[in-house]
Amino acid sequence: MPDVFNPWEVKGDIDYDKLIKGFGVELIKDLPDVFNEEVLFRRKFIFAHRGIGRIINAIHYKKPFVMMTGLMPTGKFHIGHMMVAKQMVFYQNLGAKLYIAVADIEAYNARGQSLAESKKNAIEEYILNYIALGLKSENLDLYFQSNRSNHQHKANAYYRLQNVLARHATFNEFKAVYGEITPGKMLAALLQASDMLHPQLKEFEGPIPVIVPVGIDQDPHIRLARDIASKCKEFKFMELCSSYHYFMPGLSGGKMSSSDSTSFIALTDDPDVAAKKIKKYAFSGGRDTVEEHRKHGGNPDIDVSFQYLRYFEDNDKELKKVHDDYKAGKLLSGELKQILIEKMTKFLEDHQKNIEKAKRVVDRYMEVK
Ligand code: TRP
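In this text the structure is predicted, and so the values were computed from the model without any measurement.

Observations concerning the pairing of strand E4 (residues 46-50)
Among the 5 residues of E4, 5 are classified as buried, and the element is accordingly described as predominantly covered. Bridge count for E4 against strand E9 (residues 241-245) is 4 bridges, and the pairing is antiparallel. Across the sheet, isoleucine 46 pairs through a bridge with histidine 245, a residue of E9.

Here we look at the nonpolar core
Counting residues in hydrophobic clusters, the biggest one holds 75 residues, and the most contacted among them are Ile79, Met82, Tyr91, Ile265, Tyr308 and Met344. Lining this core are residues from two domains, each supplying at least three of them: domain 1 (4-247) and domain 2 (261-356). The contacts of tyrosine 91, once residues within four sequence positions are left out, are Phe35, Phe41, Ile55, Phe65, Met67, Ala96, Leu98 and Ile211. One finds Trp8, Ala193, Leu201 and Val212 within the second-largest nonpolar core, a separate group that totals 51 residues.

Notes on the packing of aromatic side chains
Given two aromatic rings, one states the distance between the centres and the angle between the planes to describe the pair. Evaluated as defined, the whole model comprises 19 aromatic pairs. Their ring planes at 80° and their centres at 6.5 Å tell us that phenylalanine 41 and tyrosine 91 sit as a pair that is edge-to-face. Of the two residues, phenylalanine 41 is situated in helix H3 (residues 39-42) and tyrosine 91 in helix H5 (residues 82-93); the sequence distance between them amounts to 50 residues. Among the aromatic residues, ring-to-ring pairing joins Phe35, Phe41, Phe65, Phe90 and Tyr91 into one connected group. It is arginine 148 that lies over the ring of tyrosine 158; its NZ or CZ is 5.9 Å from the centre.

A look at the pairing of strand E5 (residues 66-71)
With respect to burial, E5 is a largely interior element, 5 of its 6 residues being buried. As paired elements, E5 and strand E6 (residues 97-102) share 6 bridges and run parallel to each other. For valine 66, the partnering residue across the bridge sits in E6 and is lysine 97. Taken together, E5, H5 and E6 form a β-α-β motif whose crossover is right-handed. As paired strands, E5 and strand E8 (residues 210-215) are joined by 2 bridges and run parallel to one another. Paired with valine 66 across the strands is valine 210, a residue of E8.

What to know about the packing of helix H10 (residues 183-197) against helix H11 (residues 219-231)
The interhelical angle for the contact between H10 and H11, taken along N-to-C directions, is 70°, at an axis separation of 9 Å. As judged from the angle between their axes, H10 and H11 are roughly perpendicular. Along the contact surface, H10 presents Ala189, Leu190, Gln192, Ala193, Met196 and Leu197, while H11 presents His221, Ile222, Leu224, Ala225, Ile228 and Ala229. Taken together, the residues of the contact of H10 with H11 break down into 10 nonpolar, 2 polar and no charged.

Section: the domain arrangement of the protein chain
One frequent convention defines the size of an interface as the accessible area lost when the parts assemble. Along its sequence, the protein chain is carved into domain 1 (4-247) and domain 2 (261-356). The interface is formed by 17 residues belonging to domain 1 together with 21 residues belonging to domain 2. Taken together, both faces of the contact between domain 1 and domain 2 bury some 1700 Å²; the carbon and sulfur share is 60%. A per-residue breakdown of the area domain 1 buries against domain 2 is headed by Arg43, Ile79 and Ala132, which together make up 39% of the total. Viewed at the interface, domain 2 and domain 1 are joined by 3 salt bridges.

Quick notes on the sheet that holds strand E7 (residues 140-144)
In spatial order, the strands read E3-E4-E9-E8-E5-E6-E7; together these 7 strands make up an open sheet with mixed pairing. Because the sheet does not close on itself, it has two edges, and the strands there are strand E3 (26-27) and E7. Taken together, the 5 bridges between E8 and E9 define a ladder with parallel strand orientation. Residue pairing across strands places proline 213 opposite serine 243, the latter belonging to E9.

Quick notes on the rules
- Residues numbered from 1 in each chain as written.
- Predicted model: local features only at pLDDT ≥ 70, side-chain atom pairs only at ≥ 80, totals over all residues.
- Heavy atoms only, no water.
- Buried < 20%, exposed > 50% of the residue type's maximum accessible area, 1.4 Å probe, protein only.
- Helix = DSSP H or I, 4+ residues; strand = E, 2+ residues; numbered from the N terminus.
- Pairing = 2+ DSSP bridges.
- Core = buried A, V, L, I, M, F, W, Y, C linked by side-chain atoms within 4.5 Å.
- Domains from an automatic or database assignment.
- Contact = heavy atoms within 4.5 Å.
- Phe/Tyr/Trp six-rings, centres within 6.5 Å; stacked < 30°, edge-to-face > 60°.
- Lys NZ or Arg CZ within 6 Å of the ring centre and 35° of its normal.
- Right-handed = clockwise from strand over helix to strand, strands pointing away.
- Axes fitted to C-alpha atoms, helices over the stretch in contact; angles between N-to-C directions.
- Parallel < 35°, antiparallel > 145°, perpendicular 65-115°, else oblique.
- Nonpolar A, V, L, I, M, F, W, Y, C, P; charged D, E, K, R; others polar.
- Buried area = accessible area lost by both parts, 1.4 Å probe.
- Salt bridge = Lys/Arg side-chain N within 4 Å of Asp/Glu carboxyl O.

Below, the structure written as structure tokens:
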């Protein structure tokens with residue numbers, strides 16, 4: 001187990017097998033072909049789930065479903081954050097209605113960040129990047145936790161749900177799932193439960209399958225929400241579905257962390273800066289000397305540049321070639337880094353142009369519904 005692991009803090013090595021068993025999530029096995037068009041599913045970056053069968057059915061029978069997720073509006077938007085962003089775009093293109101919560105209340109209570117700062121950072125870092133990555137303003141309900149809706153009946157329903165859910169959670173449950181807990185964190189957990197469940201209220205969509213894609217650190221929130229939803233008889237909820245992705249490794253290994261700029265590549269990093277970071281910090285699975293590398297080959301499984309290529313190189317054949325050549329010692333570490341740098345440069349240049357375009361349309365996404 002890592003040194004610290006809870007929805008607000010992850011430190012140290014992560015033993016995914018232990019988490020899967022400990023939390024009781026299921027491994028993802030076969031998925032229908034539509035999923036495999038997305039690299040995240042095809043290459044198993046998304047590895048576990050709760051109840052995803054319900055979503056697969058909805059897609060198969062062309063029935064409505066919701067994808068709900070939230071963002072913590074702190075720090076810079078980096079390539080690790082792209083995992084959830086890409087899933088938003090993927091599900092939206094499949095016809096899902098999207099609910100996206102800006103967790104400004106949670107940032108206030110659990111991170112000590114002001115609501116004004118959260119608003120600014122949510123727009124500049126997160127929402128512009130989502131738009132640049134392909135998020136559309138149709139079929140989207142993007143809201144701030146502190147300002148749910150301009151419609152009284154909707155806003156009341158969302159905050160009412162947070163409050164009535166409280167009765168069905170116990171203090172021991174909180175302690176067991178969250179470790180250290182404060183009143184603010186308790187409120188944040190209940191508000192997050194309302195984020196995930198309120199799309200099913202009659203003021204919103206009514207009972208409907210909802211999938212919540214998250215990092216596995218967020219599973220305690222999901223467990224709590226599923227548990228209290230089943231106890232709360234006033235409302236009929238379909239059981240929440242969720243999917244879990246691996247954390248993107250930081251440049252020098254470990255978890256990518258927005259508080260350490262040498263661990264991540266931000267989507268607003270100048271391509272030259274990104275290239276320097278890769279050269280200087282990206283952990284290499286290569287051998288100590290060229291001779292040894294030629295003889296024994298490198299280890300792509302632990303090589304961070306290769307892990308990033310798995311994410312940025314969509315072409316399976318190209319990726320396999322890099323993998324095999326590196327393993328065989330034909331490709332050197334510096335050359336592998338160069339392949340990544342070229343991909344990354346192209347991606348960042350295109351993406352940053354898209355951010356400029358996004359600035360012109362962002363107001364449309366910000367309308368309080
Ligand atoms: N707690 C999440 C985070 O730290 C943010 C969040 C708030 C969220 N509400 C949510 C995530 C609902 C998923 C679903 O990033």
